[in-house]
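# Structural description and commentary
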Amino acid sequence: MEKLSEFKDYIPENIYERLGKKIEYLMPPQADSVRKGLFNGKNLIVSAPTASGKTLIAEMAILNSFLSGKKSIYLAPLRALISEKYDDFTKDNSDIKAILSIGDYNEKDYNIDKYDVVFASTEKFDSIIRNSLQKIGNIGCIIYDEVHLLSDIGRGPTLEFLITLNKLLFPNAQIIGLSATIGNSDELADWLKADLVKSDFRPVILSKKKYFEGELINGSVEKLNNGYDDPLSNITAWLFKNNKQALVFSQNKRNVVSNAKTISSLIGSKLLEDDKKKLLSVSKEILGVLDRPTTQCEILSDLVKNGVAFHHAGLVNRQRKIIEDNFKKGLIKFIVATPTLAMGVNLPANTVIINSIRRYGDYGMELLPAIEIEQMMGRAGRPRYDKEGNAIIVARNESELEIIDQKYFSGEVEPITSKFNSEIAIRKYILNLFCLGIYDKEDRISDFFDETFMYFSGIEVYDKIEDAVSFLEDNDFISNNKNKIEVTRMGKLVNSLYIDPLTGSLFIKFIERIKKKESIDEIDLLHVLFCSEEFRHIRTNQKEFQKYE
Ligand SMILES: Nc1ncnc2c1ncn2[C@@H]1O[C@H](COP(=O)(O)OP(=O)(O)OP(=O)(O)O)[C@@H](O)[C@H]1O
Ligand SMILES: [Mg+2]
């Protein structure tokens, strides 16, 4: 750590004063970023451990851009994370107009010209560009938090498309990419013509432990005798006894709810009377969020009475916030979450429990990537709340014990690789590029792809581009008059629905067919939905399946 005063000459006075109100020292990645030209508009990729203060680097860039009369865009993947950064920023900088754009349609999101800083999800900013490009104005800097998600099979293509598009649309904007520690951060920096800030500093020590058959193993062995065979019950009973709050990660919505129920039945009767009273009112608040509470609201509200909550992407924003706030107050003792809380957030979780190292993937049960486990563990021991943190990974058998040691505790995280090379992504984004009106000639489209991380990594997709353009033309999504491409009404509609054009053409053919029928069968509708790529991955449970069998 280095004294802030050492950097007085590097930092504009206005910003120096703002920083002085809340910090005394700069953490190593922050100091390095300042030295490498953060305030001179240099592009930076910061690859540093969890809790090493990467957000402040973003904040300094935003303030610098604001002082020169320009707008800033902060982009991140998860609602909980973006809201937290927005709340923190507006609390410290109430004179700067910021907007939080994460939810469903909101008129305000598209009046972007009225704000100095936009805190948005990648998907939302993509939508803002599609709908209000002319209002975006003079952008001083764009921050990509958790930029290693380029490698994520689900989110990667949208993020890569957006970064590439932003490079073309806003060539003068400073780029700040904040990333977990990855092996090939230099490649990412080269792609974005950025300086690399690399660090292995973590301000709070994180102690990593394995749990197996009643024992916590971390060099030494500690026996947890709480009378439960089930690992989650045994660990949470022990934490509760020691007055520790924890974040439990499970891999899907169904598991988070059932695990939260398990913990709730364990600790509910042991809560202090005073806490119980306060939790009852939090529980009522949760139930009152929607005019007509759903079953999910009722379950959540019941669990909260016992000091436990679940957290997943299906929560109403307001309920999500109530849970996070009351965990911060110490009232809610355990949050069981899907990976929606795995990145970036600062919560007082002294301990993180990773209940399973596997999840369902396209090929059955798959091991979680090391980078995801690292991010989840990193939610424990945050500087604002704790002096030390603990991460406990549950092993179900001897072989998992070994995997945890080799892959998660001593192995390297996977390098990031582009996931753009898919026919769907290419088809979808070419249609979007035509809709944006940036290109009106087929041969120019390859200019765009030459700017991607995929191309930078040596992958050429000229054949796929050609196929995609032919597909769009054959299905009347675009028309090509004398080598000038125009998007048809149907093309615009498919693009605005964010679906794969192939799905669009499937739906159109289906509608043509059923036009002649007198009534539509539910089973016909389900059939066409499940034929599409978007729905192919949705799993039906036994009960749903039996209904139609
Ligand atoms: N210079 C500083 N002095 C004191 N506290 C700081 C400083 N910089 C950041 N912090 C605090 O450290 C905590 C962690 O910071 P931050 O959320 O930026 O971590 P991060 O590097 O983004 O981690 P992650 O990879 O998990 O997102 C925050 O609570 C923040 O307020
Ligand atoms: Mg962060």
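Fair warning: this is a prediction, and the values are worked out from it, not measured in the lab.

### Quick look at helix H6 (residues 156–169)
In this model H6 runs 20 Å from its N-terminal to its C-terminal C-alpha over 14 residues, within 8% of the 20 Å that 1.5 Å per residue would give. Burial analysis of H6 places twelve of its 14 residues in the buried class, the great majority of the element. Of all the positions in H6, only Gly156, Pro157, Thr158, Leu159, Glu160, Phe161, Leu162, Ile163, Thr164, Leu165, Asn166 and Lys167 are classed as buried.

### What to know about the sheet that holds strand E5 (residues 98–101)
Taken together, seven strands build an open sheet; the order of strands is E5-E6-E4-E7-E8-E3-E9 and the sheet is parallel. Taken across any chain shown, the strands that pair with only one partner, and hence form the sheet edges, are E5 and strand E9 (195–198). Direction aside, neighbouring strands of the sheet carry axes that sit 15° apart on average. One ladder, built from four bridges, connects strand E3 (residues 44–47) with E9; its direction is parallel. Residue pairing across strands places Leu44 opposite Asp195, the latter belonging to E9. Sheet strands touched by H6: strand E4 (71–76), strand E7 (139–145) and strand E8 (174–179). Its angle to E7, the strand with the most contacts, is close to 165°.

### Some thoughts on the UniProt feature "domain: Helicase C-terminal" (unreviewed entry) in the protein chain
Mapped onto this numbering, the UniProt entry annotates "domain: Helicase C-terminal" (unreviewed entry) at residues 274–424. With 39% helix and 18% strand, residues 274–424 has its two end C-alpha atoms placed 55 Å apart.

### As for a nonpolar patch on the surface
A contiguous nonpolar surface patch, about 270 Å² in accessible area, is contributed by Met490, Leu493 and Leu497. Residue placement: Leu497 occurs in the loop between helix H19 (489–496) and helix H20 (501–514).

### Regarding a negative patch on the surface
Taken together, Glu423, Asp463, Glu466 and Asp467 make up a surface patch of like negative charges. Take the negative patch: its biggest share by element is three residues, from helix H18 (residues 462–474). With respect to the secondary-structure elements, Glu423 resides in helix H15 (residues 423–436).

### A word on the site of ligand 1
Inspection of the region around ligand 1 gives 19 residues, with Tyr25, Ala51, Lys54, Thr55 and Arg382 positioned closest. Contact distances for ligand 1 include 2.8 Å between a nitrogen atom and a side-chain N or O atom of Gln30. A distance of 2.6 Å is found between an oxygen atom of ligand 1 and a side-chain nitrogen or oxygen belonging to Thr55. When isolated, ligand 1 has an accessible area of 640 Å², and the protein chains bury 86% of it. For the shell around ligand 1, the residue count by class is six nonpolar, seven polar and six charged.

### Section: the domain arrangement of the protein chain
Entries for the protein chain in the domain assignment read domain 1 (2–198), domain 2 (205–409) and domain 3 (423–536). Relative placement of domain 2 and domain 3: their C-alpha centres are 41 Å apart.

### Notes on the packing of aromatic side chains
Using the criterion set out here, one finds twelve aromatic pairs in the structure. Relative to Phe119, the ring of Tyr74 has its centre 5.3 Å away and its plane inclined at 45°; by these criteria the two rings are tilted. Note that Tyr74 is positioned in strand E4 and Phe119 in strand E6 (residues 117–121), a separation of 45 residues in sequence. Of the residues examined, Phe119 reaches a relative accessible area of 2% and is grouped as buried. Between Phe453 and Phe456, the aromatic rings sit 6.3 Å apart at their centres with planes inclined by 15°, giving stacked as the arrangement. One end of the pair, Phe453, and the other, Phe456, are both in helix H17 (residues 453–456), three residues apart, so they sit about a helical turn from each other. Overall, Phe453 belongs to the buried group, its relative accessible area being 0%. According to the relative accessible area criterion, Phe456 is partly exposed, its value standing at 39%.

Scoring rules and cut-offs
Residues numbered from 1 in each chain as written. Chains lettered and ligands numbered in written order. Predicted model: local features only at pLDDT ≥ 70, side-chain atom pairs only at ≥ 80, totals over all residues. Heavy atoms only, no water. Helix = DSSP H or I, 4+ residues; strand = E, 2+ residues; numbered from the N terminus. Expected span 1.5 Å × (residues − 1). Buried < 20%, exposed > 50% of the residue type's maximum accessible area, 1.4 Å probe, protein only. Pairing = 2+ DSSP bridges. Axes fitted to C-alpha atoms, helices over the stretch in contact; angles between N-to-C directions. Contact = heavy atoms within 4.5 Å. UniProt positions renumbered as here; feature names shortened; annotations may be inferred. Patch = residues over 30% accessible without salt bridge, like charges linked within 9 Å, V, L, I, M, F, W, Y side chains within 5 Å. Areas by Shrake-Rupley, 256 points an atom, 1.4 Å probe, with all protein chains shown as cover. Salt bridge = Lys/Arg side-chain N within 4 Å of Asp/Glu carboxyl O. Lys, Arg positive; Asp, Glu negative; His and termini not counted. Charge placed at Lys NZ, Arg CZ, Asp CG, Glu CD. Near = heavy atom within 4 Å. Polar contact = N/O pair within 3.5 Å; in protein donor to acceptor, adjacent residues only side chain to side chain. Nonpolar A, V, L, I, M, F, W, Y, C, P; charged D, E, K, R; others polar. Domains from an automatic or database assignment. Phe/Tyr/Trp six-rings, centres within 6.5 Å; stacked < 30°, edge-to-face > 60°.

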